[in-house]
Amino acid sequence: MRITIAGGGIGGLATALSLHAAGLEQVVVHEAAREIRPLGVGINLLPHAVRELTELGLADRLAAIGVPTAELAYFNVFGQPVWSEPRGLAAGYHWPQYSVHRGELQLMLLDAVRERLGPQAVRTGCRVEGLRHDGDLLVGADGINSAVRAALFPGEGPPPWNGLVLWRGTTHAEPFLTGRTMIMAGNGTQKFVAYPIGDGRLINWVAEQVLDGEPPERGNWNRPADLAVVAGHFAGWTFDWLDVPALITGAEVAYEYPMVDRDPLPHWGTDGVVLLGDAAHAMYPIGSNGASQAIIDARVLAHSLATTGSTAAYERLRRPATTALQLSNRQLGPEVVMRLAHERAPQGFDDIEQVVPLAERTEIAAAYKRTAGFDPAVLNGRASWSVR
């Protein structure tokens, strides 16, 4: 079977590696950029994605570029703790959770593809414009503005905007809390996220704010932001353990883009064509699931093709799961706990238990894990997607 992959991002490269591992070796990745460079900022890889990369033989490479997340903690806008939980190995998973620079992860996957499939397996400066291809299957892994998706669903238009704008940056700063904590502080309409990447002293951050008017260019992740303006939205967010405005203004550069996703689809392809990753199910960056879901897509697609010769099992398993996740993220997913704390105690609280009881907070976190496919017991006990 000859397979063409549109897109050399995380999803496309993970697909090439997964197909090769499953014995499907006639694979070529077509990437529009003339050179794949380490662009972007930080992302999180949850244990279900780390499991798949581990089973692809990439555990050591991933450990070399990632910071193992020890804790996820939510706070209100005054820096008061709302919820925290251990993550990765500390939470009982058989695999870690990592915070990693997106570009470094992409280059790691690219190196592995070229080593295993040969340098000819990735063709840069080669854009897939539609559904025509010279193989048996075209995999559309070409992102939120997918040309393959647009050909399958003409007239869909740009991704819908929800009124929020995000700014992403990185700042060299001292570690906070455990030194491996991922924090989120907010109230449901304004949010700040921070976690260490690289050597642990490079802090990746995301600031989020509702803005009126027209959004920035949708799907453009490289629009520079004015750091002073961004910091102004978070004036007063100076906590005992983190100075948010100082972290923002300490960055060399930050990038602005609107909070967009895609509506769930009735199907992911036709004979000889299938979608994957953001092209299939672009979702709000809630719960750290975007890249992780693309990696899982890749593994399930490879398993489906290798065991049945068809993409049917892949779509049957993955489309309902990612649709549920897209819809959950539109309702804030596990981050709804911050909104609840704000709605019930807008001026802060003396005891979070009197505001959002432990049982309610625990179920919010557990329900999202079930929806996203990383409930610890289920993930640890699930059969492997490897086929040989």
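Residues numbered from 1 in each chain as written. Predicted model: local features only at pLDDT ≥ 70, side-chain atom pairs only at ≥ 80, totals over all residues. Heavy atoms only, no water.

### As for the overall build of the protein chain
Step number 1: Of regular secondary structure, the protein chain possesses 13 helices and 17 strands.
Step number 2: Taking 21 Å as the expected radius of gyration for a compact globule of 388 residues, we find that the protein chain reaches 20 Å, a close match to that expectation.
Step number 3: Dimensions of the protein chain, computed from C-alpha atoms along their principal axes, come out at roughly 60 × 45 × 40 Å.
Step number 4: Counting all 388 residues of the protein chain, 56% fall into the buried class.
Step number 5: When contacts within the protein chain are restricted to residue pairs at least 6 apart in sequence, those whose partners lie at least 24 apart make up 76%.
Step number 6: In the protein chain, the 32 positive side-chain charges and the 41 negative ones have mean positions that sit 6 Å from each other. (Helix = DSSP H or I, 4+ residues; strand = E, 2+ residues; numbered from the N terminus. Rg over C-alpha atoms; globule rule 2.2 N^0.38 Å. Buried < 20%, exposed > 50% of the residue type's maximum accessible area, 1.4 Å probe, protein only. Contact = heavy atoms within 4.5 Å. Lys, Arg positive; Asp, Glu negative; His and termini not counted. Charge placed at Lys NZ, Arg CZ, Asp CG, Glu CD.)

### Some words on the pairing of strand β11 (residues 181–186)
Step number 1: With 6 of its 6 residues buried, β11 lies for the most part within the structure.
Step number 2: Alternating positions in β11 separate into two faces, Thr-181, Ile-183 and Ala-185 on one and Met-182, Met-184 and Gly-186 on the other, with burial throughout.
Step number 3: Direction of pairing for strand β5 (residues 71–75) relative to β11: parallel, over a ladder of 5 bridges. Of the residues in β11, the one forming a bridge with Phe-75 is Ala-185.
Step number 4: Examined bridge by bridge, β11 and strand β12 (residues 190–197) share 4 bridges and lie antiparallel to one another. By the bridge assignment, Ala-185 is partnered in β12 with Phe-192. (Pairing = 2+ DSSP bridges.)

### Let's talk about the packing of helix α1 (residues 10–21) against helix α9 (residues 290–308)
Step number 1: Contact geometry for α1 and α9: axes closest at 8 Å, N-to-C directions at 30 degrees. As judged from the angle between their axes, α1 and α9 are roughly parallel. Both α1 and α9 take part in a crossing whose hand is right-handed. Taking contact as the criterion, the partners of Ile-10, Gly-11, Ala-14, Thr-15, Ser-18 and Leu-19 in α1 are, on α9, Ala-291, Ala-294, Ile-295, Ala-298, Arg-299, Leu-301, Ala-302 and Leu-305.
Step number 2: Of the residues belonging to the contact of α1 with α9, the class tally is 10 nonpolar, 3 polar and 1 charged. (Axes fitted to C-alpha atoms, helices over the stretch in contact; angles between N-to-C directions. Parallel < 35°, antiparallel > 145°, perpendicular 65-115°, else oblique. Left-handed = near helix turned anticlockwise from the far one by under 90°. Nonpolar A, V, L, I, M, F, W, Y, C, P; charged D, E, K, R; others polar.)

### With respect to the environment of Leu-131
Step number 1: Its location among the elements puts Leu-131 in the loop between β8 (122–124) and β9 (137–140).
Step number 2: Taking the C-alpha atoms as reference points, Leu-131 and Val-253, separated by 122 residues in sequence, lie 37 Å from one another.
Step number 3: Setting aside anything within four residues of it in sequence, one finds Leu-131 in contact with Leu-138, Val-148, Ala-151, Leu-152 and Val-273.

### Considerations on the nonpolar core
Step number 1: Ranked by internal contacts, the top residues of the largest apolar core, which has 69 residues, are Ile-3, Ile-5, Leu-45, Leu-62, Leu-105 and Leu-109.
Step number 2: With 8 residues, the single largest contributor to this core is α9.
Step number 3: Look past the residues within four positions of Leu-45 in its chain and what remains in contact with it is Val-50, Leu-53, Leu-62, Gln-97, Tyr-98, Val-100, Leu-105, Ala-291, Ser-292 and Ile-295.
Step number 4: With 30 residues, the next largest nonpolar core counts Met-182, Val-193, Met-259 and Leu-332 among its residues. (Core = buried A, V, L, I, M, F, W, Y, C linked by side-chain atoms within 4.5 Å.)

### Quick notes on the environment of Arg-149
Step number 1: Its location among the elements puts Arg-149 in helix α5 (residues 147–152).
Step number 2: A relative accessible area of 2% places Arg-149 in the buried class.
Step number 3: The spacing of Arg-149 and Val-274 is 125 residues in sequence and 8.9 Å in space, taken between C-alpha atoms.
Step number 4: The residues contacting Arg-149, other than those within four sequence positions of it, are Glu-156, Arg-262, Asp-263, Leu-265, Leu-275, Ala-279, Ala-280 and His-281.

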